[in-house]
Amino acid sequence: MSFEADLLVTHANILTLNGKGERAGSVAVKNGKIAAVWDTPEPPRHEVSSTAKTQVLNMKGATVLPGFIDTHNHILMYAQMRTQVDCRPSVSPTIADIQRRIKERTEQTVQSDWIIGYGYDDTMLEEQRHPTRADLDVVAPFHPVLIRHISGHLAVANSFALRLAEIDDSISDPPGGHFARDRAGKLNGVLYEPGAMNLVGSKIPHMSNEELVSLMGQAAVDYVSQGITTNTDAAVGFMPGVDELEIHLQAALSGANPMRARLMIMHHLLRPEGRFGSMLAQEVNESLREWSDGKVCLDSAKLFQDGSIQGLTGALRRPYHTHPDICGDLIHDQEIFNAEVLDLHKRGYRIAIHGNGDRAIGSILDAYENALRVHPRSNHRHRIEHAQTATPEDLDRMQALGVAPSFFINHVYYWGDRHKRLFLGPERAARISPIRDAIQRDLLFTVHSDCPITPISPLFSVWAAVNRVTSSGEILGPEQRCDVETALRSMISYGAALNFEEQVAGTIEPGKQADFAVLEADPTAISEMEIKEIPVLATLIDGKVVYQKDASVLC
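First things first, this report covers the structure right here in the doc. Note that the structure is a prediction, hence the values are computed from the model and not measured.

## What to know about the pattern of salt bridges
- Taken as a whole and assessed by the stated rule, the structure comprises 28 salt bridges.
- Note that Asp366 is salt-bridged to Arg397, the shortest N-O span being 2.9 Å. Note that Asp366 is positioned in helix H10 (residues 358-374) and Arg397 in helix H11 (residues 392-401), a separation of 31 residues in sequence.
- Its relative accessible area of 34% is what places Asp366 among the partly exposed residues.
- Measuring nitrogen to oxygen at the nearest pair gives 3.5 Å for the salt bridge that ties Glu509 to Lys512.
- Judged by its relative accessible area of 29%, Glu509 is partly exposed.
- Through salt bridges with shared partners, one network takes in Arg262, Asp299, Arg350, Arg383, Glu385 and Glu501.

Next up, the structure:
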């Protein structure tokens, strides 16, 4: 007996990613769900019927995948950066270039109004150092200035900004951060980690909700143009002065963000004095769904336990390669950390904790192990975010505890050379993002972009996992590479599983969400080095086109 389809996808090269290597040629969608899948280029006429309302998309041999699932990025932060001064090394290779860009912005900005920049990288600047307050004061004496480091874990402020924040040389280092000083003990303007950064950042006036929702819509266009259909903002409540939750809800309700939105809620919002008080995870999730008409849901409770490897604030068991006096610091005392993790665990939250350095990863596993010992709970799928320097022993513990790492695989390309030369040394650098070791232990894992730390592009992350090529062209840790289909699954099927949604997403099978990414070429059939260059032709969510490269793509 045939059924009427809302959408027919025909003449496609469909990678189902069902774990059996199966492909298909056509698919039917009804009510936003996949109704049937066929091997043939067109559906058998006796199995499905079409009406004047049925949309038929002839893919002309293009490759169709389940929509990409990015399990860790910061879309709202990325949206805001669209209005800020670009200080990345690609456009500002010297401190003089950063000064010039800041100076240009001062000429367009009313005196005393803030100037915000992003993306500087001290190890990529010609001077091989951080800009300082003195560098910024020269070009912006009458504006408060804050420029964030490419890692997101450091920033530099000028004297005007420090005065507004009532920060002077007598200040002590705050919990979860510290202030850099010159040889005379005076503040040089460089701020390490949120504990220090937020003292300045909290003084920055925030844009209206309407402006931020508009920017979120522009950012969402960039995301869906990369084939992303489900997206996780990995630290809602991280930015001082911005009601991030309300922006996400408004963007979803208005359609500015068409993606399925998942939120990691910062842990301070889940404390008794926080926005959600002592609510259970189920109660928070139900509230988010109710407030957003089902378009936004809870992903995790989010904590940080260290900083950034390239900022020398990731907590390592052994010192940094060229800094034998630095191992980085844990953010939370272990006893206090254990208690908060246990509380969230008992309240039903899946917990996601940022851990780059292996000492931080060990601390996180200690907290998870304690929580599971005190309050056993199956299928929790607790996470470790980035997991850059996880050792084989750390991965063994993840396997035993049922903990899933989400690897920031793009690090291999963007920082791999400097990890080897400056931060970790050859041996540890070769093992960053140890995907092959995770596969051998049958760990559930994903890879992610951490946008805006690196550009949003699932295909780039797939390319990085398959090739492990650095920006200099070196293969870093070839033994940790994986095959193309596994890399695709790490951005799609494994993402669905990490999201507790493997029954409704992640593969092209009847009954699942009709979320598709349409690619010009098949990633499994071309040179592995070309994967990142494949154009995304279209993106569909619930069987509806939310992006197409041009009007001739789908017809």
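## Digging into the nonpolar core
- Within the largest apolar cluster, 107 residues are counted, with the highest numbers of intra-cluster contacts made by Phe68, Tyr349, Ile384 and Met398.
- Tallying contributions element by element places helix H6 (residues 209-224) first for this core, with 8 residues.
- With sequence-adjacent residues up to four places away left out, Tyr349 is seen in contact with Leu270, Met279, Leu280, Ala281, Val284, Leu298, Ala301, Leu344, Arg377 and His382.

## Description of the environment of Asn467
- Relative to the elements of secondary structure, Asn467 occurs in helix H15 (residues 458-467).
- A relative accessible area of 6% means that Asn467 is categorised as buried.
- Counting along the chain gives 241 residues from Asn467 to Gln226, while the straight-line C-alpha distance between them is 20 Å.
- Apart from the residues lying within four places of it in its own chain, the contact partners of Asn467 are Ile475, Arg481, Glu528 and Met529.
- Within the local environment of Asn467, its side chain forms a polar contact with the backbone oxygen of Glu528, the two atoms lying 3.0 Å apart.

## Section: the pairing of strand S25 (residues 536-541)
- Judged by how many residues are buried, S25 sits mostly within the fold: 6 of 6 residues are covered.
- By the bridge criterion, 4 bridges tie strand S24 (residues 516-519) to S25 in an arrangement that is antiparallel. In the strand pairing of S25, Phe516 is matched with Leu540.
- As defined by bridge partners, S25 adjoins strand S26 (residues 544-548) across 4 bridges and the pair is classed as antiparallel. In the strand pairing of S26, Ala538 is matched with Gln548.
- Where S25 hands over to S26, the hairpin turn is made up of 2 residues, of which Asp542 adopts a positive phi near 55°.

## Quick notes on helix H9 (residues 334-346)
- Helix length check: H9, at 13 residues, gives a terminal C-alpha distance of 18 Å against a target of 18 Å (1.5 Å per residue), a fit within 8%.
- Of all the residues in H9, the buried ones are Phe337, Asn338, Glu340, Val341, Leu342, Leu344 and His345.
- Buried residues in H9 make contact with strand S19 (296-304), strand S20 (351-355) and H10.
- Its side-chain oxygen 3.1 Å from the backbone nitrogen of Glu335, Asp333 forms the N-cap of H9.
- Remark: Gly348 follows H9 within two positions and exhibits a positive phi of approximately 90°.

Scoring rules and cut-offs
Residues numbered from 1 in each chain as written. Predicted model: local features only at pLDDT ≥ 70, side-chain atom pairs only at ≥ 80, totals over all residues. Heavy atoms only, no water. Salt bridge = Lys/Arg side-chain N within 4 Å of Asp/Glu carboxyl O. Helix = DSSP H or I, 4+ residues; strand = E, 2+ residues; numbered from the N terminus. Buried < 20%, exposed > 50% of the residue type's maximum accessible area, 1.4 Å probe, protein only. Core = buried A, V, L, I, M, F, W, Y, C linked by side-chain atoms within 4.5 Å. Contact = heavy atoms within 4.5 Å. Polar contact = N/O pair within 3.5 Å; in protein donor to acceptor, adjacent residues only side chain to side chain. Pairing = 2+ DSSP bridges. Expected span 1.5 Å × (residues − 1).

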